[in-house]
Amino acid sequence: MKPKLILAYSGGLDTSVMLKWLANKDYEVIAYIADVGQNEDFEKIKNKALKTGASKVYIEDLKEELIEKYIFQMLKANAIYEGKYLLGTAIARPLIAKKQVEIAKKEVKGEVPIIGWTEGPFQGVTLLSGAEPMQIFYVLEHPDEFKEVLDWYADYEIAIAQSMYEAGADII
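Residues numbered from 1 in each chain as written. Predicted model: local features only at pLDDT ≥ 70, side-chain atom pairs only at ≥ 80, totals over all residues. Heavy atoms only, no water.

Q: Is there a simple way to think about the nonpolar core in this case?
A: Across soluble globular proteins, you tend to see nonpolar side chains buried next to one another. Grouped together as the largest cluster of nonpolar side chains are 18 residues, with contacts concentrated most on Ile 6, Tyr 32, Val 36, Leu 62, Leu 66, Ile 91 and Ile 96. Taken together, the elements giving at least two residues each to this core come down to strand 1 (4-8), strand 2 (28-35), helix 3 (63-76) and helix 4 (89-107). Counting 15 residues, the second-largest nonpolar core is a separate cluster that includes Leu 5, Tyr 9, Met 18 and Phe 42. (Core = buried A, V, L, I, M, F, W, Y, C linked by side-chain atoms within 4.5 Å. Buried < 20%, exposed > 50% of the residue type's maximum accessible area, 1.4 Å probe, protein only. Helix = DSSP H or I, 4+ residues; strand = E, 2+ residues; numbered from the N terminus.)

Printed below as a string of structure tokens:
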């Protein structure tokens, strides 16, 4: 039986590469797409995830919870970065991670859930705050490895629409 891994999936370059790479490494990859208000075609992203190697795809609408439990609190706390920027995508990450952990617990019964991220410490801290054992799997933490991965990925002819440096687009 393949180990299951829950991957927070955007359909962008980094998560698409990660999904294919993990599937080729003999993981069962379940893609999780968080709708936090970005203007995306989620069915198209779901289909891309399945084509790229996901065994299953969850699309979670988190907008209401994000607004009520995160954005309102952020505004009440006057959480402004460098005195001029709202936190934007960063405020959604703890909620995205929370839902990812819930999916992992549902999908991976009796095992330590494996969570996949393409970014580092922020998500790890968020996920580990749940106090239960979690295995965190990071890919693409080092930009110098990125070209090698892109060359590998090109062999699979999966469309790449977004830059790895693109800012998140959500309801903030």
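Now that the structure has been shown, the text picks up again.
Q: Help me understand the pattern of salt bridges, please; the structure alone is not making it clear to me.
A: If charged atoms from side chains of opposite charge come close, those side chains can pair. The final tally for this structure, using the stated rule, is seven salt bridges. Salt-bridge contacts for Asp 61 lead to Lys 63; the nearest nitrogen and oxygen are separated by 3.1 Å. Overall, Asp 61 belongs to the exposed group, its relative accessible area being 53%. Lys 63 gets classed as partly exposed once you look at its relative accessible area, which sits at 27%. A cluster of three or more residues bridged by salt bridges with shared partners is formed by Lys 4, Lys 56 and Glu 107. (Salt bridge = Lys/Arg side-chain N within 4 Å of Asp/Glu carboxyl O.)

Q: Can you walk me through the confidence of the model for the chain in this structure?
A: Detail in the predicted coordinates should be disregarded across regions flagged by low pLDDT. In the predicted model, the chain carries a mean pLDDT of 75, and the fraction of residues at 70 or more is 63%. The secondary-structure element of the chain with the lowest mean pLDDT is helix 5 (residues 121-128), recorded at 53, while strand 3 (residues 56-61) shows the highest, at 97. In this model residues 162-168 is a low-confidence stretch, pLDDT under 50, and it forms eight contacts with partners more than four residues away in sequence or in other chains. (pLDDT = per-residue confidence, 0-100. Contact = heavy atoms within 4.5 Å.)

Q: Where do I start with the pairing of strand 1 in this structure?
A: For strand 1, the tally of buried residues reaches four of five residues, placing the bulk of the element in the interior. Pairing between strand 1 and strand 2: five bridges, direction parallel. Bridge pairing links Leu 5 to Val 29 in strand 2. Viewed along the sheet, the connection from strand 1 through helix 1 (residues 13-24) into strand 2 turns out right-handed. (Pairing = 2+ DSSP bridges. Right-handed = clockwise from strand over helix to strand, strands pointing away.)

Q: Looking at this structure, how should I read the side chain of Gln 38?
A: With respect to the helices and strands, Gln 38 occurs in the loop between strand 2 and helix 2 (42-52). A polar contact of 2.9 Å, which involves the side chain of Gln 38, links it to the backbone oxygen of Ala 34. Side-chain polar atoms of Gln 38 contact the backbone nitrogen of Val 36, separated by 2.8 Å. (Polar contact = N/O pair within 3.5 Å; in protein donor to acceptor, adjacent residues only side chain to side chain.)

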